[in-house]
Amino acid sequence: MKKLLEELTEEMGQAFAAAGYDKDLGKVTLSNRPDLCEFQCNGAMAGARSYKKAPIMIANDVAVKLADSQVFGAVEAVAPGFLNLKVSDSFLLHYLEEMEADPKFGLNMPVSPKKIIIDYGGPNVAKPLHVGHLRSAVIGESVKRICRYVGHEVIGDVHLGDWGLQMGLNIIGLQDRQPDLVYFDESYEGEYPKEAPFTISELEEIYPAASAKSKEDPEYKARAMEATVKLQNGVRGHRALWRHILNVSVADLKKNYAKLNVEFDLWKGESNVQELIPDMVAYMKEEGYAHESEGALVVDVKEETDTKEIPPCMILKSDGASLYNTTDLATILERMNLYQPDEIIYVVDKRQELYFEQVFRCARKTKLVKPGTELKFLGFGTMNGKDGKPFKTREGGVMRLEDLIRDTQEEMYRKILEGREKGHEISDEEAGLVAETVAVSALKYGDLSNQASKDYVFDLDRFTSFEGDTGPYILYTITRIKSILAKYKGQGGNLAQVTLREPQNESEKALMLQLTQFQSMMAAACEELAPHKVCSYIYDLSNAFNHFYHETNILREEDQEKRSGLIALLVLTRDVLETCIDVLGFGAPERM
Ligand code: ARG
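Residues numbered from 1 in each chain as written. Predicted model: local features only at pLDDT ≥ 70, side-chain atom pairs only at ≥ 80, totals over all residues. Heavy atoms only, no water.

## Looking at the pattern of salt bridges
Opposite charge on two side chains permits pairing when their charged atoms draw close.
Okay, step 1: Overall, the coordinates contain 44 salt bridges when judged by the stated rule.
Okay, step 2: Between Arg406 and Asp407 there is a salt bridge, and its shortest N-O distance comes to 3.1 Å.
Okay, step 3: A salt bridge links Lys533 to Glu528, with the shortest nitrogen-to-oxygen separation between them at 2.8 Å.
Okay, step 4: Relative accessible area serves as the criterion here: at 46%, Glu528 is assigned to the partly exposed category.
Okay, step 5: One salt-bridge network, in which partners are shared between bridges, spans Glu204, Asp252, Lys255, Lys259, Arg400 and Glu402. (Salt bridge = Lys/Arg side-chain N within 4 Å of Asp/Glu carboxyl O. Buried < 20%, exposed > 50% of the residue type's maximum accessible area, 1.4 Å probe, protein only.)

Structure follows, in structure tokens:
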């Protein structure tokens, strides 16, 4: 289905042509004076010079041609030569009917859908999740859903950090606590137990303690490095412990991500590609891409047009160990082998931008990817506390995701009960369940409504408010619609039999016009990997709805047909809003 602005531009172009002017002058845009008109065209101004005419004359000529337009309800040529436009009610109705009949509300599917891999989440096994990982999960999940909705094939990969020094630290930390475990007996040849010798809570204590100790005690750190090397070289006991750590940690991660409606298609990690590294390195050497520099193996990636220094991409350290880069390059290789994606998108803290620039250039130069494969970095800013510094717990530590979710739920619960005192009927139990759902919207919308690359302040009180640009406000609007629809059904109405009608007043028309913008918004959100566009759209849509709601008697409308038209508009608004929150990664309760 064509975008509304395309339809309007076409009609306008024909009028320019009919009046003897260039059709291309008829570009219609949203009005920047919404108090005067809905849309505008500035083509007469643009054409004045080549036609050697006053713009207002051109505008008048065009307006005459549009006097009987089916598309425009009002066309006004105003000085010095603008065309102020309103669409006709019948055209708007027709457009909405088409949108309503389409499962994607008029959004066109791509001619050639892309296969996209999204690398997001990126938690480090057995290390506490910090809020940076929260952002990656929330933004990545939404980008995945948006691209899927728009019609691409998308694979989400969590890309676990499961191979670094933190694994060695965990192993020796465990050894300190339980030195007699069979895993540490190098002469042991039997099977290892199936049960992990620790719980997730123990694991959560082990890493921070071992990490702190390694910072003070160089010998301890050396031991951790040694354990890491043993693990990487395949020492049986270390590998077996590593498996346990991975399993316990992943089970916990899955539980936490599930609370946030975050789901990955692939649970791969750094460890999966280690076996590809030796051949990849040999290839880079043989083809002359990699060379030695101060003992290390590097690939130069600087380009003549660079305005800032881009250091070489290091493939192996001087001791022969591989690095974060090496693993990322091997992961690209594996992804190309297994999935042949058209695009790989990385949703990672923007402080890693230069790093990814090096990796991408290196992957291109060494032909790990095809020339047409796009590698995109979607870098996000920091989530700060109210003090403007990176978000911490009150005690100044790393905020566990679980605690952040719990705090948000508690605050939401409190606000829902507060609302109840003002006359909402809801049991404690239901309030608890509703708080869980609404808390997800508060957290996610609070994050996603900011442009990803910007830093933002985590403000629990604001994010959980039912008023303003917040998730709970959007959900409140949706449940308001749902409750009216439920009442309509209660009065014997049938939602399958309602039909849209032409708008009866300004606020209804404004709501309808807002709905027509769905497809261009969604296409742009996908194109620009920008969930915040979905947020600002549903905020405007919710405002338009609430304004309309306050101006209109819906259930008390006596005229059957008019009432049916209003209900049909509510159904469409609800469906568009619910589609949007679904791509943002949260849902709405039935009532609240
Ligand atoms: N685990 C990494 C970190 O905590 C993030 C991983 C990002 N993805 C990647 N392919 N490097 O910083």
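## A look at helix H12 (residues 353–365)
Okay, step 1: Taking 1.5 Å per residue, 13 residues should reach 18 Å; H12 reaches 18 Å between its end C-alpha atoms and fits that length.
Okay, step 2: Of the positions making up H12, those classed as buried are Tyr355, Phe356, Gln358, Val359, Phe360, Arg361, Cys362 and Ala363.
Okay, step 3: Those residues of H12 that are buried are in contact with helix H10 (277–286), strand E8 (296–299), strand E9 (313–316), helix H11 (324–339), strand E10 (343–349) and strand E11 (374–380).
Okay, step 4: After H12 finishes, the residue Lys367 shows a positive phi value of roughly 60°. (Helix = DSSP H or I, 4+ residues; strand = E, 2+ residues; numbered from the N terminus. Expected span 1.5 Å × (residues − 1). Contact = heavy atoms within 4.5 Å.)

## Section: the nonpolar core
Okay, step 1: By size, the foremost hydrophobic cluster in this structure holds 153 residues, and its most contacted members are Met12, Phe518, Met522 and Val576.
Okay, step 2: Looking at which element gives the most residues to this core, the answer is helix H20 (residues 560–584), with 13 residues.
Okay, step 3: Residues Ile117, Ile277, Met280 and Phe356 belong to the second largest nonpolar core, which totals 34 residues. (Core = buried A, V, L, I, M, F, W, Y, C linked by side-chain atoms within 4.5 Å.)

## What about the site of the ligand?
Okay, step 1: Lining the immediate environment of the ligand, one finds Asp119, Gly122, Asn124, His133, His159, Tyr324, Asp328, Tyr346, Val348, Gln352 and Phe356.
Okay, step 2: With respect to the ligand, the side chain of Gln352 contributes an N or O atom lying 3.1 Å from an oxygen atom.
Okay, step 3: Burial of the ligand by the surrounding chains reaches 87%, relative to a free accessible area of 350 Å².
Okay, step 4: Of all the elements in the fold, those that place two or more residues in the shell around the ligand are H11 and E10. (Near = heavy atom within 4 Å. Polar contact = N/O pair within 3.5 Å; in protein donor to acceptor, adjacent residues only side chain to side chain. Areas by Shrake-Rupley, 256 points an atom, 1.4 Å probe, with all protein chains shown as cover.)

## Notes on the pairing of strand E5 (residues 115–119)
Okay, step 1: Counting buried residues along E5, four of its five residues qualify, which places the element largely inside the surrounding structure.
Okay, step 2: Where E5 meets strand E6 (residues 153–157), five bridges bridge the pair, whose relative direction is parallel. Paired with Ile117 across the two strands is Ile155, which belongs to E6.
Okay, step 3: With four bridges connecting them, E5 and E10 associate as parallel partners. (Pairing = 2+ DSSP bridges.)

## Quick look at unusual backbone geometry
Okay, step 1: With omega at 0°, the peptide bond leading from Ala79 into Pro80 counts as cis.
Okay, step 2: For Pro80, the position within the fold is in the loop between strand E3 (72–78) and strand E4 (82–87).
Okay, step 3: The phi dihedral of Phe105 is positive, around 50°, even though this residue is not glycine.
Okay, step 4: Examined against the element boundaries, Phe105 turns out to sit in the loop between helix H4 (89–101) and E5.
Okay, step 5: The class of Phe105 is buried, set by a relative accessible area of 9%.
Okay, step 6: One non-glycine residue with positive phi stands out, namely Gln340, at about 45°.
Okay, step 7: Within the secondary structure, Gln340 is located in the loop between H11 and E10.

## Description of the sheet that holds E5
Okay, step 1: Spatial strand order, E6-E5-E10-E11: four strands in an open sheet with parallel pairing. Two strands bound the open sheet, and with one partner strand each, they are E6 and E11. The sheet shows a mean angle of 20° between the axes of neighbouring strands, direction not considered. (Axes fitted to C-alpha atoms, helices over the stretch in contact; angles between N-to-C directions.)

## A few points about the pairing of E3
Okay, step 1: In this sheet, E4 lies alongside E3 in antiparallel orientation, the contact comprising six bridges. Among the inter-strand pairings, Ala77 is bridged to a residue of E4, identified as Leu83.
Okay, step 2: Between E3 and E4, which pair antiparallel in sequence order, lie three residues.

## Notes on the packing of helix H5 (residues 131–150) against helix H18 (residues 518–527)
Okay, step 1: Look at H5 against H18: their axes get within 9 Å of each other, and the N-to-C directions meet at 125°. In terms of axis orientation, H5 runs oblique to H18. By crossing handedness, the relation of H5 to H18 is classed as left-handed. For the pair H5 and H18, contact is made by Ile146, Cys147, Tyr149 and Val150 and by Phe518, Met522, Ala525 and Cys526, respectively.
Okay, step 2: Taken together, the residues of the contact of H5 with H18 break down into eight nonpolar, no polar and no charged. (Parallel < 35°, antiparallel > 145°, perpendicular 65-115°, else oblique. Left-handed = near helix turned anticlockwise from the far one by under 90°. Nonpolar A, V, L, I, M, F, W, Y, C, P; charged D, E, K, R; others polar.)

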